[in-house]
Structures are given as C-alpha cells and as structure tokens.
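So you can see what is in the structure, the chains are spelled out below.
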Amino acid sequence: DGGAALEPVIVTGEDFDEGWGSSPRPGAPTPSVQLSPIRAPYALIYPMDEGTGDVLRSVSGWETPLFLGRAHPRPAKSAAAEQRPQWVDGGDGRPALRFDGTNGCAALPSRSFPYGPFTLELNVRPEATDRSMALFSDSNGVRLMLVRGGLLAATRGRDAIGGQRALTAGRWAHVALVYDGARLRLYLDGQLEREAPAETRPMRINSLPVIGGGPGAAYRGLVGGLRLQSGVLEPEQFRLPPRGRTP
C-alpha cells in the first residue's frame, strides 16, 4: 500500500483443520478470523508468589492461564486426577509452589509454547537429587530435567544437552534453556553450563506444556517462578528474578 509500514498481528479463529476445508462438515459454523495487533513480545511470566489460587495469570500482559493440578487442561476435564501443587513458604519471605514428587503438576493451555526460538526460565528448589525429575516437559519434544545427582539435562526433539554442575537439594537455583534456531544452551544461575548444535526444524504446534510432571519422573521440590517467551535472551537479559534472597 504505497510503502505503508507493516505490523505483526495475532490471527485467531475457529478450528482451522475442521472448518477450512473445501467440504466443511454439515452444520459447521462459517469460519472467521480476527486480527489483533501485537503490543508486546510473546512472553508468559508467572512469579508464583501469590500464595493462593489454582489458576494463575501471566503478568506479562498475555493473560494466558497456568492451571495448577491439570496435566491437559480442557473445559470438560476435572483436575481431581492430578494433585495440585501446594502453596508453601519459599524460605525467602515469599510463597512458592511445592510439587510432591508423585502426581503434582501445573500446565499451560495447548499451543502455548513458542513455535520457533525460545527462552525458558525457572526458579527451582529441589528437595532431593537422588532420582530423575521433570522440571518442564512439552509434547512437542522439549524437556528440561534434573537427572540423578542433581545435574540438568534438556532435549528438543532428537537433540540433547547436559549440565556440568549439580544443583543442591534445599537451595534455590535459576535454570534456563535457550534455543536460537541452530543451538541449544543450558544455564545455571546465569552461567553457561553447555551448548550444542540443534536441528533447525519445525516442532509440533499442538503442544501441551507441563511443569513438574512427567511419566515416572515427577518433580519433588519448590518452584518459584516461570518465564517462557519467544526469541533469544542472553544471560544478562534473563528477566525472572532469582529466589532465595530475603526481600
């Protein structure tokens, strides 16, 4: 349009794989699309210091809910099958969420995970380091783990990376996983643990992000903050405030 500036938008609408074919289902609603301007980078931030509630809202401006006690949040699914993590004192004057190591979990809605490069940050305080535990997992193939001995490990599809320094049971740590489109980087308390090449290939868009839960590897310990955003942050740009300091 005569050199007019282009601006990114969010496209939302009905179920695209059901209503947009050449032969829509009888009685299906007429497909429609809404365009909304993007006013801030896609980022989900949960301080996890509310001290109450079982549905948390991102404080980034993107009000995506985080469901406590649901592995796959759907309107018709009850949270009774999974135990909600409990609000406890984080030991630094702020509340935190305790996961019990059995079936406690929290979950984001489907398709919440960034499609391309991403930065994932977590504040965690494990109660033990004698077994493998899932800190974060997604059905798209991204996983952040504590393996036996307290070392970090992460995967994205077929790519894997492992840490070098062990987390200490009962002590807060800031962990981060960054994918820039070509490499995976793993950080502990702002220091690079390891990096490795990673495939540049699309991941499943129908993802199901889960915090603290995983088949046979449920997390036992505290979580005191989550940040998930599209794009790459360097360590000096990590924005999740560390825990363990008395305010």
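Counting restarts for each chain: residues are numbered from 1 in the order of the written sequence. Only residues with pLDDT of at least 70 are given local features in this predicted model, and only at 80 or more are side-chain atom pairs given and counted; all residues enter the totals for whole chains, interfaces and linings. Side-chain metrics in this entry use all non-hydrogen atoms of the structure; hydrogen atoms and water are not considered.

1. Structural notes on the overall build of the protein
Point 1. In this description a helix means any DSSP run of H or I spanning at least four residues, a strand means any run of E spanning at least two, and both kinds are numbered starting from the N terminus. Each helix and strand counted, the protein has 1 helix and 18 strands in total.
Point 2. Taking all 247 residues of the protein together, the buried fraction comes to 43%.
Point 3. In what follows, residue pairs with any heavy atoms lying within 4.5 Å of each other are defined as contacts. Sequence separation of at least 24 residues holds for 61% of the intrachain contacts in the protein that already meet a minimum separation of 6.
Point 4. Just so you have it, the protein exposes about 12,500 Å², and 51% of that area is on carbon and sulfur atoms. Each residue gets one of three labels from its accessible area relative to the maximum for its type: buried under 20%, exposed over 50%, partly exposed in between, using a 1.4 Å probe on protein chains only. Per-residue and other accessible areas were derived by the Shrake-Rupley procedure at a 1.4 Å probe size, with only the shown protein chains allowed to occlude residues.

2. What about the environment of W172?
Point 1. Tracing the chain through its elements places W172 in the loop between strand 13 (159-162) and strand 14 (173-179).
Point 2. Taking the C-alpha atoms as reference, W172 lies 8.5 Å from L222; in sequence the two are 50 residues apart.
Point 3. At 2.9 Å, the side chain of W172 forms a polar contact with the backbone oxygen of G90. Whenever two N or O atoms come within 3.5 Å, that pair is a polar contact, provided that in protein one can donate a hydrogen and the other can accept it, and provided that, for residues adjacent in sequence, both atoms are side-chain atoms.

3. So, the pattern of salt bridges
Point 1. By salt bridge we mean one thing: a side-chain nitrogen of Lys or Arg within 4 Å of a carboxyl oxygen of Asp or Glu. A full pass over the atoms with the stated rule returns 11 salt bridges.
Point 2. Here R84 and D54 are joined by a salt bridge, their closest N and O atoms 3.2 Å apart. In this pair, R84 is assigned in the loop between strand 5 (65-68) and strand 6 (86-89) and D54 in the loop between strand 3 (43-46) and strand 4 (55-57), connecting sequence segments 30 residues apart.
Point 3. R84 sits in the partly exposed class, given a relative accessible area of 37%.
Point 4. Given a relative accessible area of 33%, D54 falls into the partly exposed group.
Point 5. The residue R183 makes a salt bridge to E195 at a minimum N-O spacing of 3.0 Å. Here R183, found in strand 15 (residues 183-188), pairs with E195, found in strand 16 (residues 191-197); they are 12 residues apart in sequence, far enough to count as distant.
Point 6. Looking at R183, the relative accessible area reads 29%, which means it is partly exposed.
Point 7. A relative accessible area of 33% places E195 in the partly exposed class.
Point 8. Because the salt bridges share partners, they merge into one network encompassing D180, R183, R185 and E195.

4. Regarding the sheet that holds strand 17 (residues 209-211)
Point 1. Across the sheet, which stays open at both edges, the 8 strands sit in the order 4-5-8-17-10-11-12-13 with antiparallel pairing between neighbours. Of all strands in the sheet, those bounded by a partner on one side alone are strand 4 and strand 13.
Point 2. Where strand 5 meets strand 8 (residues 106-107), 2 bridges bridge the pair, whose relative direction is antiparallel. What sits directly across from L68, in strand 8, is A106. Strands were regarded as paired on the criterion that DSSP finds at least two bridges between them.

5. Some words on unusual backbone geometry
Most peptide bonds take the trans configuration, and most residues that are not glycine carry a negative phi.
Point 1. Here the phi dihedral of M48 falls at roughly 55°; this positive angle occurs in a residue that is not glycine.
Point 2. With respect to the helices and strands, M48 occurs in the loop between strand 3 and strand 4.
Point 3. For M48, a relative accessible area of 1% gives the class buried.
Point 4. Of note, D189 is a non-glycine position whose phi angle comes to about 50°, a positive value.
Point 5. Examined against the element boundaries, D189 turns out to sit in the loop between strand 15 and strand 16.

6. Some remarks on the packing of aromatic side chains
Point 1. By convention, a stacked pair of Phe, Tyr or Trp rings (six-membered ring in the case of Trp) has centres within 6.5 Å and planes under 30 degrees apart, an edge-to-face pair has planes over 60 apart, and any other such pair is tilted. Taken as a whole, this structure holds 6 aromatic pairs when the rule is applied.
Point 2. Taking the centre distance of 6.1 Å and the plane angle of 55° together, the rings of F99 and Y219 count as tilted. One end of the pair, F99, is in strand 7 (residues 95-100); the other, Y219, is in the loop between strand 17 and strand 18 (220-230), and 120 residues separate them in sequence.
Point 3. Looking at F99, the relative accessible area reads 0%, which means it is buried.
Point 4. Considering the side-chain rings of F118 and Y179, the 6.0 Å spacing of their centres and the 35° angle between planes classify their relative orientation as tilted.

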